[in-house]
Amino acid sequence: MLFSPKLIRTTLLLWVLFFANAFSYYGVVLLTSKLSSKESKCGSTILHSGNSKDNSLYVNVFITSLAELPGLLLPAIIVDIIGRKLSMAIMFILACVLLLPLAFHQSAVITTVLLFGVRVCATGTITVASFYAPEIYPTSMRTTGTGVASSVGRIGGMVCPLVAVALVSACHLSAAVILFEVVFVLAIASTLLLPFETRGQQLRDNVDVLDS
């Protein structure tokens, strides 16, 4: 049923969305620790300076972790005002814009602020997607469709450290940022191409009543 004519588009786009969500979220988390690590050999791309204290990693991770709170509050405020799809698209675009400067050397403060903003957006998109997915499927397959999409997202979380973070460890920060940008663009496209908006709509019970 996930690949039936009326649902295959929704299913595939949702898989891309969840994959990109997990990839970008865990990427930002791991990127923070990699950029803060005193073991990094990329002198111009790390957050700390040579005389930074040993706790710089924990401070930077703690600050960016605080982004979880506004990342949960922001979608709660805007999701019923502008809708699910537009909320995710806007936050993905913001994340894309905020991450781009990190392709070049930035000061420690600016890097932390940018990573904070990207994590706010990544947390927000995951929050919206987590209740948009059950709404977009009919009752007969709501949990199955959402569960499979979430599983695809976990794959994104596993692939991320093997690819993107490995690039940072090898001092290819610009390549890692470009990779994240591509993932964000794919997420934006998949969000906008999803077949319908669920804000204010009655949940559907059958596949037959779905609008293509």
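Residues numbered from 1 in each chain as written. Predicted model: local features only at pLDDT ≥ 70, side-chain atom pairs only at ≥ 80, totals over all residues. Heavy atoms only, no water.

- An unreviewed UniProt entry annotates the chain as Major facilitator superfamily (MFS) profile domain-containing protein originating from Acer negundo.
- Per its UniProt entry, the chain bears the Subcellular location (unreviewed entry) comment "Membrane". (UniProt positions renumbered as here; feature names shortened; annotations may be inferred.)

**Here's the deal with the overall build of the chain**
Okay, step 1: The number of helices and strands found in the chain is 7 helices and 0 strands.
Okay, step 2: Starting at the N terminus and walking to the C terminus, you meet the elements of the chain as α-α-α-α-α-α-α.
Okay, step 3: The buried share among the 212 residues of the chain stands at 46%.
Okay, step 4: Partitioning the contacts of the chain with sequence separation of at least 6, the portion at a separation of at least 24 is 79%.
Okay, step 5: Element-wise, carbon and sulfur atoms account for 70% of the exposed surface of the chain, whose accessible area totals about 10200 Å². (Helix = DSSP H or I, 4+ residues; strand = E, 2+ residues; numbered from the N terminus. Buried < 20%, exposed > 50% of the residue type's maximum accessible area, 1.4 Å probe, protein only. Contact = heavy atoms within 4.5 Å. Areas by Shrake-Rupley, 256 points an atom, 1.4 Å probe, with all protein chains shown as cover.)

**A few points about the environment of Thr32**
Okay, step 1: Inspection of the secondary structure puts Thr32 in helix α1 (residues 8–36).
Okay, step 2: Take Thr32: its relative accessible area is 1%, and that puts it in the buried class.
Okay, step 3: Along the sequence, Thr32 and Phe62 sit 30 residues apart, while their C-alpha atoms lie 10.0 Å from each other.

**A few points about the confidence of the model for the chain**
Okay, step 1: Averaged over all residues, the pLDDT of the chain equals 82, while 85% of them reach at least 70.
Okay, step 2: The secondary-structure element of the chain with the lowest mean pLDDT is helix α2 (residues 56–65), recorded at 74, while helix α4 (residues 84–99) shows the highest, at 93.
Okay, step 3: Note on residues 44–53: pLDDT under 50 across the span, and 21 contacts to partners over four residues away in sequence or across chains. (pLDDT = per-residue confidence, 0-100.)

**Comments concerning the pattern of salt bridges**
Okay, step 1: In total, this model carries 3 salt bridges according to the counting rule given.
Okay, step 2: Arg119 is the partner of Glu68 in a salt bridge, and the nearest nitrogen-oxygen pair spans 3.0 Å. Note that Glu68 is positioned in helix α3 (residues 68–82) and Arg119 in helix α5 (residues 108–136), a separation of 51 residues in sequence.
Okay, step 3: Overall, Glu68 belongs to the partly exposed group, its relative accessible area being 22%.
Okay, step 4: Arg84 is the salt-bridge partner of Asp80, the closest N and O atoms lying 2.7 Å from each other.
Okay, step 5: Via salt bridges that share partners, Asp80, Arg84 and Glu135 belong to a single interconnected network. (Salt bridge = Lys/Arg side-chain N within 4 Å of Asp/Glu carboxyl O.)

**Observations concerning α4**
Okay, step 1: With 16 residues, α4 extends 23 Å from end C-alpha to end C-alpha; this agrees with the ideal 22 Å at 1.5 Å per step.
Okay, step 2: Buried within α4 are the following residues: Arg84, Lys85, Ser87, Met88, Ala89, Met91, Phe92, Ala95, Cys96 and Leu99. (Expected span 1.5 Å × (residues − 1).)

**Considering the side chain of Arg142**
Okay, step 1: On the secondary structure map, Arg142 appears in helix α6 (residues 142–169).
Okay, step 2: Owing to a relative accessible area of 15%, Arg142 belongs among the buried residues under this scheme.
Okay, step 3: Every residue in contact with Arg142, bar those within four places of it in the chain, is listed here: Pro134, Tyr137, Leu203 and Arg204.

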